[in-house]
Amino acid sequence: MALTMHGGPLSRRVPETRTFTVEGPAHSLLLEPFTRRVRAEVDGVTVLDTTRGALLYETGLPPQLYVPEEDLRADLLEPSDTTTHCPFKGDATYRTLRVGGRVVTDAVWAYPEPLADTPWLAGRAVLAPQAADRWLDEDDEVVGRLPDPYHRVDLRHTGRHITVTTTDGVVVANAAGGVLLGETGLVDRYYIAREALSATLEPSDKRTVCPYKGYATYWSLRLPDGRVLTDAAWSYEEPTDESRAIAGLVCLAHDDLVVDAVTR
């Protein structure tokens, strides 16, 4: 289960269906080792290279990679006047990254004198994920951001009959099976063949990225009665290896749609 999100034990909405209590403040932090080799590149230059990283889990936030200061290219960093305060970690200082003519302002931050509750942050720093052009997890390119070890995606082929209708009863899709995708803390989704749709897919400019599934392409749905539901479908044309079972299939979700899957 995800620790800090989606109803996990350190999230903001701990489920009632439990026999345990979590002692501590409403906002919690947990630092855990992430021992795989992680590298970050800017304009082809490696600016971070570590096997001593650690993921900081913080209530309501995705995990953040903290690395020893020595694992950053100090010669490429310049002091910044920016400072911020976190009531849970302390005062953060920032540094700007300069690679050749490329300048990434406030790309790195650290807590040189963290609060008493978080002394283990001293000597560690964060390179903002968006500051690098390319991240590598061992030798595999990172999709979106580093995956959370407590988060998983399970794909199962299903023979359930899957129907999708509008809230006023117009049939949009009718599929004799598909792939059920279960993702930690999220509702199950059904991915079906495009041939099962009675609506027309129209390309959308929207794109998203998921570290567990890959890059999503979105589609608007033109219904048989002429209505258009914007960004109501998405697909992963070239998903990650772990999610390859949904390649080319589509998932439908919209406030005006009802998805039903029944055993027959």
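So, a few notes on the structure that sits alongside this text. This structure is a prediction, so every number in the text was calculated from the model and none was measured. (Residues numbered from 1 in each chain as written. Predicted model: local features only at pLDDT ≥ 70, side-chain atom pairs only at ≥ 80, totals over all residues. Heavy atoms only, no water.)

### Side note on the overall build of the chain
Helices and strands together make up the secondary structure of the chain, namely 0 helices and 21 strands. For the chain, the spread of C-alpha atoms along the principal axes amounts to about 60 × 50 × 30 Å. Restricting to contacts in the chain with at least 6 residues of sequence separation, those with at least 24 account for 52%. Accessible surface computed for the chain: about 14000 Å², of which carbon and sulfur atoms make up 50%. Positive and negative charge centroids in the chain, built from 27 and 40 side chains respectively, lie 3 Å apart. (Helix = DSSP H or I, 4+ residues; strand = E, 2+ residues; numbered from the N terminus. Contact = heavy atoms within 4.5 Å. Areas by Shrake-Rupley, 256 points an atom, 1.4 Å probe, with all protein chains shown as cover. Lys, Arg positive; Asp, Glu negative; His and termini not counted. Charge placed at Lys NZ, Arg CZ, Asp CG, Glu CD.)

### Some details on the sheet that holds strand 9 (residues 124-127)
Sheet architecture is open: 7 strands sit in the order 1-4-5-9-8-7-6, paired in antiparallel fashion. Each edge of the open sheet is held by one strand with a lone partner, namely strand 1 (29-34) and strand 6 (77-86). Ignoring which end each strand starts from, the neighbouring axes of this sheet average 35° apart. (Pairing = 2+ DSSP bridges. Axes fitted to C-alpha atoms, helices over the stretch in contact; angles between N-to-C directions.)

### Focus on the side chain of Ser 243
Inspection of the secondary structure puts Ser 243 in the loop between strand 19 (228-235) and strand 20 (250-252). Under the relative-accessibility criterion, Ser 243 is labelled buried at 1%. Ignoring sequence-local partners within four residues, the contact set of Ser 243 consists of Val 153, Leu 155, Tyr 212 and Lys 213. (Buried < 20%, exposed > 50% of the residue type's maximum accessible area, 1.4 Å probe, protein only.)

### Looking at the side chain of Thr 240
With respect to the helices and strands, Thr 240 occurs in the loop between strand 19 and strand 20. In contact with Thr 240, not counting residues within four places along its chain, are Val 143, Pro 211, Tyr 212, Lys 213 and Gly 214.

### Comments concerning the environment of Tyr 236
One can find Tyr 236 in the loop between strand 19 and strand 20. Expressed as a C-alpha distance, the spacing of Tyr 236 and Gly 182, which sit 54 residues apart in the sequence, is 15 Å. For Tyr 236, the contacting residues outside a window of four places in its chain are Tyr 191, Cys 210, Lys 213, Gly 214, Tyr 215, Ala 216, Ile 246, Ala 247, Gly 248 and Leu 249.

### Some words on unusual backbone geometry
Even without being glycine, Asp 43 reaches a positive phi, approximately 50°. Mapping Asp 43 onto the fold places it in the loop between strand 2 (38-42) and strand 3 (45-50). On the basis of relative accessible area, Asp 43 is assigned to the partly exposed category, the value being 47%. Phi is positive for Asp 231, which is not a glycine, with a value near 55°. In this fold, Asp 231 is placed in strand 19.

On their own, these measurements won't tell you what the molecule is for.
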